[in-house]
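# Per-entry structural report
Listed here are the chains, written in short residue letters.
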Number of protein chains: 2
Amino acid sequence: MTTSAVDTRHLAINTIRTLSMDAVQKANSGHPGTPMALAPVAYCLWNEHLNYDPQNPTWPGRDRFVLSCGHASMLLYSILHLAGVKNPDGSPSISIDDIKNFRQFESPCAGHPEHGEASGIETTTGPLGQGIANSVGMAISGKWMDGRYDFTGCNFDVYAICSDGDVMEGVGCEAASLAGHLKLDNLCWIYDDNEITIEGRTELAYSEDVAAKFESMGWATVTVEDANDLDVINAAFEQFKGTTDKPTLIILKSIIGYGAPNKQDTASAHGSPLGEDEIALAKEAYEWAGEKFAVPPGVTELFADNLARRGSAAFAQWQTKWTEFRSSNPEAANDLQSIFDRRLPEGWEAALPVFPADEKGLATRSSSGKVLNAVAKEIEWMIGGSADLAGSNKSLIESEDAGHFSSGDFAGRNFHFGIREHAMASICNGMALSGIRSYAATFAVFTDYMRPAMRLSGLMKQPVLYILTHDSIGLGEDGPTHQPVEHLASCRAIPNLLVMRPADANEVSQCYGAAVSDLARPTAMFLTRQNVPTYNRTELGDASGTRRGAYVLKDTDGVPDVILMGTGSEVEICMQAAAMLEQEKISARVVSVPCFELFEEQSTEYRESVLPSSVSARVAVEAGIEMGWHRLLGADGRFVGMSGFGASAPFEELYEHFGITPEKTCQAARELVAAIHN
Amino acid sequence: MTTSAVDTRHLAINTIRTLSMDAVQKANSGHPGTPMALAPVAYCLWNEHLNYDPQNPTWPGRDRFVLSCGHASMLLYSILHLAGVKNPDGSPSISIDDIKNFRQFESPCAGHPEHGEASGIETTTGPLGQGIANSVGMAISGKWMDGRYDFTGCNFDVYAICSDGDVMEGVGCEAASLAGHLKLDNLCWIYDDNEITIEGRTELAYSEDVAAKFESMGWATVTVEDANDLDVINAAFEQFKGTTDKPTLIILKSIIGYGAPNKQDTASAHGSPLGEDEIALAKEAYEWAGEKFAVPPGVTELFADNLARRGSAAFAQWQTKWTEFRSSNPEAANDLQSIFDRRLPEGWEAALPVFPADEKGLATRSSSGKVLNAVAKEIEWMIGGSADLAGSNKSLIESEDAGHFSSGDFAGRNFHFGIREHAMASICNGMALSGIRSYAATFAVFTDYMRPAMRLSGLMKQPVLYILTHDSIGLGEDGPTHQPVEHLASCRAIPNLLVMRPADANEVSQCYGAAVSDLARPTAMFLTRQNVPTYNRTELGDASGTRRGAYVLKDTDGVPDVILMGTGSEVEICMQAAAMLEQEKISARVVSVPCFELFEEQSTEYRESVLPSSVSARVAVEAGIEMGWHRLLGADGRFVGMSGFGASAPFEELYEHFGITPEKTCQAARELVAAIHN
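Below, the structure is looked at part by part. Predicted, not measured: the structure shown is a model, and the values here were computed from it. (Residues numbered from 1 in each chain as written. Chains lettered and ligands numbered in written order. Predicted model: local features only at pLDDT ≥ 70, side-chain atom pairs only at ≥ 80, totals over all residues. Heavy atoms only, no water.)

## Quick look at the pairing of strand E6 (residues 220–224) of chain A
Residues and elements named next belong to chain A. Among the five residues of E6, four are classified as buried, and the element is accordingly described as predominantly covered. In this sheet, strand E7 (residues 248–253) lies alongside E6 in parallel orientation, the contact comprising five bridges. If you follow Val224 over to E7, its bridge partner there is Leu252. A crossover connection joins E6 to the parallel E7 through helix H9 (residues 230–242); in handedness this β-α-β unit is right-handed. (Buried < 20%, exposed > 50% of the residue type's maximum accessible area, 1.4 Å probe, protein only. Helix = DSSP H or I, 4+ residues; strand = E, 2+ residues; numbered from the N terminus. Pairing = 2+ DSSP bridges. Right-handed = clockwise from strand over helix to strand, strands pointing away.)

## A few points about the relation of the copies chain A and chain B
Once chain A has been moved 0.0 Å along the axis and rotated by 180°, it coincides with chain B to within an RMSD of 0.0 Å. Here the copies are linked by what is in effect a two-fold axis. Rotation axis and chain A: the residue whose C-alpha lies nearest the axis is Gly170 of chain A, separated from it by 1.7 Å. Both copies contact each other with a shared surface, as 100% of the interface residues of chain A are interface residues in chain B too. (Least-squares fit on C-alpha atoms with pLDDT ≥ 70 in both. Contact = heavy atoms within 4.5 Å.)

## Section: the side chain of Ser490 of chain B
Along the chain, the position of Ser490 of chain B falls in helix H17 (residues 487–492). On the basis of relative accessible area, Ser490 of chain B is assigned to the buried category, the value being 1%. A distance of 3.5 Å separates a polar atom in the side chain of Ser490 of chain B from the backbone oxygen of His487 of chain B. Excluding residues within four positions of it along the chain, Ser490 of chain B makes contact with Arg451 and Ser490 of chain A together with Arg451 of chain B. (Polar contact = N/O pair within 3.5 Å; in protein donor to acceptor, adjacent residues only side chain to side chain.)

## A short note on the pattern of salt bridges
By the definition in use, this model includes 56 salt bridges over all chains. For the salt bridge of Arg201 of chain A with Asp265 of chain A, the shortest nitrogen-to-oxygen distance reads 3.3 Å. One end of the pair, Arg201 of chain A, is in strand E5 (residues 200–201); the other, Asp265 of chain A, is in the loop between E7 and helix H10 (276–285), and 64 residues separate them in sequence. Relative accessible area serves as the criterion here: at 30%, Asp265 of chain A is assigned to the partly exposed category. Lys253 of chain B is paired through a salt bridge with Asp193 of chain B; the nearest N and O atoms lie 3.1 Å apart. Placement of the pair is Lys253 of chain B in strand E7 (residues 248–253) and Asp193 of chain B in strand E3 (residues 187–193), with a sequence separation of 60 residues. (Salt bridge = Lys/Arg side-chain N within 4 Å of Asp/Glu carboxyl O.)

## Observations concerning the sheet that holds strand E3 (residues 187–193) of chain A
Residues and elements named next belong to chain A. Reading across from one edge, E1-E2-E3-E7-E6 is the order of the five strands in this open sheet, with parallel pairing throughout. In the strand order of this sheet, the two ends are held by strand E1 (64–67) and E6, each with one partner. Across the sheet, the axes of successive neighbouring strands diverge by a mean angle of 15°, strand direction being ignored. The pairing of E3 with E7 spans six bridges and is classified as parallel. Across the sheet, the residue bridging to Ile190 is Ile250, located in E7. Contacts from H9 reach strand E2 (158–162), E3, E6 and E7 within the one sheet, and its direction differs from that of E6 by about 175°. (Axes fitted to C-alpha atoms, helices over the stretch in contact; angles between N-to-C directions.)

This is how it looks when you write it as structure tokens:
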């Protein structure tokens with residue numbers, strides 16, 4: 001390399017640093033220290049290793065870059081700007097004006113990187129540990145597409161830069177453990193070992209031998225002693241690329257706020273602007289001559305000559321390979337194209353099973369298992385698994401060729417996530433970001449363990465399916481630690497998450513229809529452990545109303561005296577109560593409410609047709625807390641459900657004890673009707 | 001040891017096994033395999049090592065035993081029964097009838113061990129990883145009481161049995177990391193390495209070198225190759241007791257369902273009854289002659305001769321030591337006695353600060369910091385810390401002698417929990433279970449990371465204080481990943497958790513008063529990043545209404561036209577709106593609602609006095625979602641708040657953008673009043 005080329009490299013690195021400092025200073029808010037420290041490694045990775053075409057940032061074969069320490073967002077924005085990454089419409093992903101508007105309303109340069117705001121932001125990061133766990137999901141996706149369809153153009157590499165926080169967080173530990181177990185050799189984490197956390201030196205709270213820890217989990221490790229030594233950094237990346245059968249951790253000893261003489265290597269460089277004076281001193285240290293927000297001549301050219309040239313050649317090569325593959329493997333190519341485009345196979349919904357009436361019925365977890373299998377038959381890239389509860393969750397894809405994803409079989413569709421709910425959900429986000437229709441299964445109560453990742457599914461608009469069984473005190477003897485009480489409410493609270501609780505097998509089928517066809521929302525499906533009857537749809541009408549969130553399951557002639565509403569296993573309590581009330585000449589309509597969010601989206605007319613405002617006598621029955629029901633119950637409505645934790649006993653006794661019975665439902669209805677008649 | 005003594009030991013071990021098998025079989029539900037596998041180690045620990053007096057199970061100096069794999073609950077119940085552990089009223093903690101009623105309603109033998117159901121259940125377990133994380137909190141408590149008060153009688157040992165699930169879960173990893181960092185040599189985990197998980201062989205999802213991993217985190221490890229080899233087990237415990245400066249992990253190679261010829265060493269021994277036939281075969285393998293639920297002669301005597309004799313002597317010795325300590329260190333002893341009895345110092349509430357009116361005001365996180373410090377001055381055992389955000393959370397105890405808890409200073413009151421929110425909360429539960437008034441601080445959005453532990457605070461009735469700052473879009477530029485939107489609602493959903501959101505400094509003070517004086521409920525306190533005015537209480541009346549959950553902050557003459565309700569930073573929006581409405585001759589009452597749960601507990605009269613049913617024109621303002629407000633809003637009320645995720649921008653712009661302003665509040669009020677007048 002010529003001296004001038006070396007100089008330009010340093011100029012490029014310092015451009016990342018100064019853009020970051022300047023943007024944080026102008027916003028008067030943000031995190032300058034880490035971009036300053038990590039500019040060299042980000043530069044090397046992007047310009048000298050990453051397989052990425054700035055002109056085609058959604059190219060399915062591209063390497064993925066995840067900035068797990070999302071607070072260092074200016075590092076990513078600077079790179080995307082200098083690399084000339086384009087949005088699909090041809091506009092720059094990040095313009096210099098965007099950078100000047102860092103952290104301002106409607107700038108794509110949000111405080112933390114937000115997926116969907118600009119090309120090149122592969123995932124939303126900020127909540128620590130999530131990015132690296134996502135990266136495991138992305139790496140899995142590459143391996144799986146390669147393994148399943150035998151198209152090597154999908155076996156991309158995934159790089160993630162992570163901080164102390166990422167590797168301290170439990171979700172990061174879980175993800176690392178699974179990545180090592182699965183021998184994901186297309187995964188490389190760069191651990192920014194800067195020895196600084198917000199409260200001070202890392203040693204205040206953290207004294208692990210990180211290399212030994214990762215090695216114990218099946219990772220290769222390599223340490224870079226000086227984050228400014230480009231040759232050693234490049235050698236580390238080469239070592240990663242040469243490593244098979246293991247993911248690689250690059251431990252990078254860096255100095256936070258590098259170059260700022262009074263703040264570097266201290267916590268004060270982490271989360272606040274440096275101040276104009278300190279910036280001036282840092283620029284002096286970098287021998288920086290430019291104005292604020294300057295990009296000196298030669299820098300964008302350097303990215304064009306390296307990253308872009310390499311990327312564009314790789315993209316062209318990939319296209320040739322893809323064209324060949326399409327002609328030799330049209331079926332596999334068609335599936336892959338659907339994954340790339342996030343399309344579903346035409347007519348897949350025809351596979352949704354219809355279940356015959358059956359009084360004994362079956363648990364909705366069981367009908368879910370059947371529907372999942374029917375759907376998975378149509379959509380080969382619907383893959384996922386359970387956090388060690390596949391048998392209980394009925395979440396196994398049972399077809400003969402489904403297989404289990406493992407280091408020995410990357411074509412497998414069933415995942416053993418281990419007892420790691422949080423990483424499971426976060427990994428499923430990473431898979432969804434790659435176009436896979438991922439699903440994650442566990443007990444409903446353990447949504448608490450994976451809530452940060454579920455929230456990110458909603459925020460990133462990723463259609464992850466959460467299969468949540470054992471959805472109430474109906475699980476019985478395992479007791480209050482395992483019985484969801486507040487979980488329906490707390491999941492309904494998460495924006496952009498569909499929460500479904502089907503009442504019988506046919507509603508389950510319809511819920512899958514709604515969930516899978518939604519391409520921009522995750523779904524949390526709550527399912528029973530205990531049996532529920534399969535309703536006679538010839539008598540009652542079909543289950544298509546499920547798709548509208550709530551519908552009349554059983555009606556009366558004329559205006560009903562009372563409306564009984566329920567979800568899941570409690571719909572049958574409403575049905576029995578309605579029959580009992582009929583004996584007393586009280587006419588009751590039964591409304592099944594499988595999904596609040598879908599019902600809210602219906603027209604006023606439809607909602608009025610299901611819940612006429614003239615009928616204020618309404619009883620809702622759900623084996624959870626009341627929160628969230630008022631909107632449907634109105635002012636006079638009554639709620640039959642839980643108000644505290646459950647207990648350990650056979651479930652029939654618990655329903656009796658907590659008063660969630662047809663009798664109590666009748667009593668509430670009777671009192672309401674009487675009050676209105678008086 | 002004589003042959004007959006050895007025989008009796010095996011008889012005792014087999015009694016644990018058969019009681020467990022029989023109870024699960026009778027309940028037709030439960031987990032027999034692990035108690036069968038772990039009976040020897042549990043026997044050795046309890047009868048030959050644990051410092052525990054069955055007659056005095058709340059003795060503060062006792063060693064703690066945590067069954068982190070709570071599904072193996074019959075192991076604990078069998079031991080408590082055989083050891084003759086007593087309840088405080090002298091009744092047996094677990095009678096043979098209780099065991100026969102395993103998993104039945106109101107039996108203390110719940111599916112998973114529930115703290116408070118019987119003596120000897122030191123914590124509630126079942127959600128994996130929680131028990132071991134609690135155990136770290138207990139070990140910290142012992143070290144702290146010893147370190148702070150120089151009373152060695154509190155430096156008890158803490159033992160926890162854990163499963164694959166416990167060590168796979170992120171919270172378990174976080175807890176292990178911190179325990180190693182803190183060099184808690186009074187902590188011993190016994191890892192049941194049975195190579196079986198629910199989905200099959202552990203190797204399906206887990207292939208770590210567990211010993212190396214723990215060693216990398218600063219633990220000593222010792223492996224027991226045969227879970228039935230009592231001598232080696234005892235040697236391992238001796239090794240733990242001889243180890244200083246490190247916690248110890250005993251890796252115990254066990255066979256799940258040991259003795260059941262057709263089920264042992266398979267996942268089918270985990271979670272279902274073995275069946276009568278297999279039980280018969282297992283009993284044959286044990287050379288077991290007894291009836292169902294039999295306790296053969298000699299077994300309880302063995303526990304009496306060992307555990308009880310040792311424990312009672314230790315208890316007596318401890319009492320002598322304690323008496324001496326009380327006379328030589330009356331002040332320290334008084335504090336310790338308060339911890340043991342869960343009492344607060346008399347008159348502590350006098351320390352609650354009163355803040356003068358101040359229009360500019362201060363952030364409630366800042367007033368919280370001041371109040372915390374004032375309270376902590378009175379209650380020396382109020383200790384805690386932040387997950388690496390102490391500066392932002394204002395959660396530091398600043399008094400000169402407060403110090404930081406570390407391996408070099410076990411007297412420190414401030415904790416660096418590291419970036420480990422989940423373990424922090426679970427550790428605080430363990431500290432609370434030891435009588436410490438623990439607190440945990442982080443950003444409000446990260447309640448999602450620690451929710452399983454927060455739920456257990458509620459379920460176990462432990463008064464942990466959660467200090468949650470940056471409580472809305474009011475945090476501004478960090479954007480949607482950091483902005484709580486649904487978190488007030490989702491925390492309010494957790495049973496037995498007080499959720500508080502004070503509006504100004506004096507409400508903060510009162511909230512601390514309510515939270516700290518509550519001995520049986522945790523509190524989640526939501527606090528602003530941005531400034532809020534300190535109201536003029538001479539004009540408006542004092543802040544004592546805070547304790548009642550909601551109160552009239554500013555009233556009008558006569559019946560108001562409209563009631564404006566708010567929490568936290570949005571109360572000031574209500575105040576400004578009320579002033580604006582006054583100009584329009586609309587009289588508005590402003591109600592501050594710092595705590596829904598406390599308001600619900602007030603008399604009907606009080607609630608009616610604050611929110612008269614005659615005034616149906618009500619507007620609630622909260623920078624979160626509407627869920628949960630209907631109960632206060634009634635049928636006609638309107639909500640001004642969020643309906644989806646936030647955004648990254650300066651906070652004033654966000655409030656404007658999302659329409660959470662005095663103007664929008666006025667508009668809603670105006671429309672309501674007009675509708676009612678028409």
